[in-house]
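Architecture at a glance
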Amino acid sequence: MSAYAAVVLAGGAARRMGGVDKPARPVGGRPMRDRVLAAVADAAPRILVGPAAAVPDGVLVTREEPPGGGPVAATAAGLALLPGDATVVALLAADLPLLTRTAIGDLLRHLDSGSDGVCFVDEAGRRQTLCGVWRVAVLRGSVDRLAARRAPGRTSTAGLAGAPLRALLHGLTVQEVPWRGEGPPPWFDCDTDEDVRRAEEWAR
């Protein structure tokens, strides 16, 4: 598997779950956040963007500005901790309890010279952009351009709060990959209690 870094976004408000710490909810006896981090165990570094909770050894933790500022602000915070020689990063939601190392490997294999990034698509053809791998330089450039548009004349990324992820990825060349492996779809995210129950059934 190619060398890559991983940024896991864990700072969402989980409004449809009553505001609980969603990534800490267990599936198969293990917090969803930890299951995602395990799927990228061979990434270096691994960065969690969200509340400073207990995480596996070696995982760096940071927070978006402002806290709860959304996925674009969280992506910017994660990218800021990557070393200068990082070229590829897995950008992942923390509520993907069915994600596997096999699925990550599938994404990495599809990242070719003509793509800025690769992500899974669901059965309806919708991009699962927080279950993908991306070129670090391209994402950093997108962050800078979006920050400049939203807060002209400012050098910080504070203007990224609330920005939609589609604005960050607009104009990028994205390769879409349907899941054809065995088992449940790795892009399945848990936004509701029913989603968690369904993931529990799959994880048995």
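One structure accompanies this document, and this report is about it. For clarity, every value in this text was computed on a predicted model and none was experimentally measured.

Conventions and cut-offs
- Residues numbered from 1 in each chain as written.
- Predicted model: local features only at pLDDT ≥ 70, side-chain atom pairs only at ≥ 80, totals over all residues.
- Heavy atoms only, no water.
- Helix = DSSP H or I, 4+ residues; strand = E, 2+ residues; numbered from the N terminus.
- Rg over C-alpha atoms; globule rule 2.2 N^0.38 Å.
- Buried < 20%, exposed > 50% of the residue type's maximum accessible area, 1.4 Å probe, protein only.
- Contact = heavy atoms within 4.5 Å.
- Core = buried A, V, L, I, M, F, W, Y, C linked by side-chain atoms within 4.5 Å.
- Salt bridge = Lys/Arg side-chain N within 4 Å of Asp/Glu carboxyl O.
- Phe/Tyr/Trp six-rings, centres within 6.5 Å; stacked < 30°, edge-to-face > 60°.
- Pairing = 2+ DSSP bridges.
- Axes fitted to C-alpha atoms, helices over the stretch in contact; angles between N-to-C directions.

**Notes on the overall build of the protein**
Helix and strand counts for the protein stand at six helices and nine strands. Against the globule reference of 17 Å for 204 residues, the protein gives a C-alpha radius of gyration of 16 Å, in line with a compact fold. The C-alpha extent of the protein, read off along each of the three principal axes, is 50 × 40 × 35 Å. The buried share among the 204 residues of the protein stands at 49%. Pairs at least 24 apart in sequence give 65% of the contacts found in the protein among residues at least 6 apart.

**Re the nonpolar core**
Tyr4, Leu92, Leu99, Ile104, Phe120 and Val133 are the most contacted members of the largest nonpolar core, which totals 30 residues. Among residues more than four places away in sequence, those in contact with Phe120 are Ala103, Asp106, Leu107, Arg126, Arg127, Gln128, Cys131, Val177, Pro178, Trp179, Pro186 and Trp187. Counting residues in hydrophobic clusters, the runner-up holds 29 residues, among them Val72, Leu82, Leu146 and Ala147.

**What to know about unusual backbone geometry**
Peptide bonds are mostly trans, and most non-glycine residues show a negative phi. Here the amide bond leading from Ala44 into Pro45 is cis, since omega sits at -5°, within 30 degrees of zero. Structurally, Pro45 can be placed in the loop between helix H1 (32-39) and strand S4 (46-49). The peptide bond linking Glu65 to Pro66 adopts the cis configuration, its omega dihedral lying at -5°.

**Remarks on helix H3 (residues 101-110)**
Considered for burial, the residues of H3 that qualify are Ala103, Ile104, Gly105, Asp106, Leu107 and Leu108. Contact partners of the buried residues in H3: H1, strand S6 (88-93), strand S7 (117-121), strand S8 (127-135) and strand S9 (174-178).

**Things to note about the pattern of salt bridges**
If you walk through the whole model with that rule in mind, you get ten salt bridges. Of the charged contacts, one joins Arg109 and Asp106 as a salt bridge, the two residues approaching to 3.9 Å between their closest N and O atoms. Pair noted here: Arg109 and Asp106 are both in helix H3, with a separation of three residues, about one helical turn. For Arg109, a relative accessible area of 62% translates into the label exposed. Taking the relative accessible area as the measure of exposure, Asp106 reaches 15% and is therefore buried. Two residues, Glu176 and Arg127, come together in a salt bridge whose shortest N-O distance is 2.7 Å. Linking Glu176 in strand S9 with Arg127 in strand S8, this pair joins segments that are 49 residues apart in sequence. Glu176 gets classed as partly exposed once you look at its relative accessible area, which sits at 39%. Via salt bridges that share partners, Lys22, Asp95 and Asp191 belong to a single interconnected network.

**Some remarks on the packing of aromatic side chains**
Under the criterion given, the structure shown has two aromatic pairs. Centre to centre, the rings of Phe120 and Trp179 are 5.8 Å apart; their planes meet at 85°, and the pair counts as edge-to-face. Separated by 59 residues along the polypeptide, Phe120 in strand S7 and Trp179 in the loop between S9 and helix H6 (193-203) bring together distant segments of the chain. Ring centres of Phe188 and Trp202 lie 5.1 Å apart, and the angle between their planes is 85°; this geometry places the pair in the edge-to-face category. Placement of the pair is Phe188 in the loop between S9 and H6 and Trp202 in helix H6, with a sequence separation of 14 residues. Assessed through its relative accessible area of 7%, Phe188 is described here as buried. Trp202 gets classed as partly exposed once you look at its relative accessible area, which sits at 31%.

**Side note on the sheet that holds S9**
If you walk across this open sheet you meet the seven strands as S5-S4-S1-S6-S8-S7-S9, and the pairing is mixed. Every other strand in the sheet has two partners, leaving strand S5 (59-62) and S9 as the edge strands with one partner each. Averaged over all pairs of adjacent strands, the angle between their axes in this sheet comes to 25°, without regard to strand direction. Strand direction decides the pairing type here: S4 and S5, joined by four bridges, are parallel. Paired with Ile47 across the bridge in S5 is Leu60. Packing of H1 onto the sheet brings it into contact with strand S1 (5-9), S4, S5 and S6, and relative to S4 it is tilted by some 155°. Across the sheet, H3 touches S6, S7, S8 and S9, and the angle it forms with S7 is around 130°.

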